[in-house]
Amino acid sequence: MNKPLRDTDLVPDDDGGPLYAAGKKIYPQRVSGSFRRIKWILMAVCLGIYYFLPFVRWNRGLGAPDQAVLIDLANNRFYFFFIELWPQEIYYFTGLLIVAAITLFLMNALGGRVWCGYLCPQTVWTDLFFAVERLIEGDRRERMRKAGEGWSLQRGAELVLKHSIWLMIAWWTGGAWVLYFADAPTLIKELVTFQAPMVAYIWIGILTFTTYTLAGFMREQVCVYMCPWPRIQAALTDEWALNVTYKYDRGETRTSLKKAAQARALGEQVGDCVDCNQCVAVCPTGIDIRNGPQLDCIQCGLCIDACDNVMTKIGRPTRLIGYDNDINIHRRMEGKPEVFKPLRARTVVYSALIAGIGAIMLYALLNRSLLDLNVLHDRNPVAVRLSDGSIRNGYTIRFLNKRGFDRVVAVDVDGPPNAVIHVVGADSITPDRPMIILARDATTELRVLVDSRPSSEDDLAPSTPVKFHVTDIGLGEVASAKDVFVKP
């Protein structure tokens, strides 16, 4: 009789190896150079914009919010300097997301993970946390030495100071985010006096915790395990994209500086790499760029600075590590000149899509109507016949005035024969053309009755298209909406 299989019978024998790579502490070393300066500048610009933009003012007129960038959830508005978007205009955000995605694709096609290395929020805040850590605990070797030593009063004080500053940065990060959803000076006063809405404290707490955890502890693990972009980037790249690359055609065979000098004296061929491991020491994810393209590499360029500094000291040409690709490495090995193709099919298509979508959005934004209306036909009853023989249909019309001032508009109707329109609750000098006042930056919902008196029953179809017009008396702006006029 055959023995039935168990689930454990389908599992291969355990070879004793780990199921996943254990986390390791990384101690990036301080480095100076052109790419490090670029990262400092971009960090200052990005953090400066994020932290201080809520305090920038923009005059929109009396009674309107004067915060330059504001997500006003209470009134369903988004303000960005001179732009004011309503919920009905959510398609602008869709367009921005599409442009942002294609811009990432273009960055990848030109310079690999440029976003990851210089502009990603995880990279920016982790870089700031690293700077605080080095300032308090010292550089790589000193931090490694302290980590291996026992506890002391000085060590405890350093850790308390470091984590206190980290928490302050994380707290201000969370606090700055909620300032985009309310008037910043007012909300700060309410937060300090404990009069702010509870949701503000909750979100500050959540963002403080996530910033402190992700930038202070998880760091490179976010880039390697949590972020989907490295996997997407690997699928989008091509052979012409420039990535941070170790130029093994020039660097190999590796040997120490002393042995390299001896080999050259004997006429032997050796590479420029002296195996100093400085590129590894400065890497924020702890990889060796000399091992080729790796998922962990965020291509921040710090290994380029470290290698350039070493090459300068030993009198050899810089850019042993640099932005390059395998095509040029093989061309140099064959004695051919380097070739760079920033203009190729995918970069042209990406650029054209960005320009096209951007132009469409800009045109739509500059030509959008600031006066609009929506029409909803009554459902019960759909239509009624009056005692004088005329037919009446009822509608609910919502008028949208997107300007920052009140305005007087006239309402007209086309379609049914001998149509007469009446706005319930609105008085007008001309009964056949009602005029109403629309409040500034608001929606106004009114009930509208349309009466039609056809000469005969044949003059009115069972369903007749009807078109409503609203005209700004002062500015001449016109908005229209269609519906139907039906017979009972």
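Here's what I pulled together on the structure shown here.

About the criteria used
- Residues numbered from 1 in each chain as written.
- Predicted model: local features only at pLDDT ≥ 70, side-chain atom pairs only at ≥ 80, totals over all residues.
- Heavy atoms only, no water.
- Pairing = 2+ DSSP bridges.
- Helix = DSSP H or I, 4+ residues; strand = E, 2+ residues; numbered from the N terminus.
- Expected span 1.5 Å × (residues − 1).
- Buried < 20%, exposed > 50% of the residue type's maximum accessible area, 1.4 Å probe, protein only.
- Arc of directions from axis to C-beta.
- Contact = heavy atoms within 4.5 Å.
- Core = buried A, V, L, I, M, F, W, Y, C linked by side-chain atoms within 4.5 Å.

### Describing the pairing of strand 2 (residues 77-80)
Phase 1: Pairing of strand 1 (residues 69-72) with strand 2, which is carried by four bridges, proceeds in the antiparallel orientation. Considered in strand 2, the bridge of aspartate 72 is made with arginine 77.
Phase 2: Linkage of strand 1 to strand 2, two consecutive antiparallel strands, is achieved through a turn of four residues, within which asparagine 76 is found at a positive phi near 55 degrees.
Phase 3: For strand 2 and strand 3 (residues 83-85), the ladder comprises three bridges, and the chain directions are antiparallel. Residue pairing across strands places phenylalanine 78 opposite leucine 85, the latter belonging to strand 3.
Phase 4: Two successive antiparallel strands, strand 2 and strand 3, enclose a turn made up of two residues, where phenylalanine 81 displays a positive phi of approximately 55 degrees.

### Topic: helix 16 (residues 345-366)
Phase 1: Taking 1.5 Å per residue, 22 residues should reach 32 Å; helix 16 reaches 31 Å between its end C-alpha atoms and fits that length.
Phase 2: Of the residues making up helix 16, those classed as buried are Thr347, Tyr350, Met361 and Leu365. Along the axis of helix 16, the buried positions cluster into a sector of 80 degrees, meaning they face one direction only. Turned more than 90 degrees off the buried face of helix 16, the exposed positions are Ala345, Ile360, Tyr363 and Leu366.
Phase 3: Among the structural elements, strand 3, helix 2 (91-111) and helix 10 (229-236) are those in contact with the buried residues of helix 16.

### Considering the nonpolar core
Soluble globular proteins tend to pack their nonpolar side chains together in the buried interior.
Phase 1: Core analysis: the biggest nonpolar cluster contains 25 residues, and Leu373, Tyr395, Ile397, Phe399, Val450 and Phe468 have the highest contact counts within it.
Phase 2: Contributions of two or more residues to this core are made by strand 6 (371-377), strand 8 (391-401), strand 9 (407-414), strand 10 (420-423), strand 11 (435-438), strand 12 (442-452), strand 13 (463-472) and strand 14 (478-486).
Phase 3: Judged by nonpolar contacts, the second largest core, of 20 residues, contains Val124, Trp166, Ala170 and Ala176.

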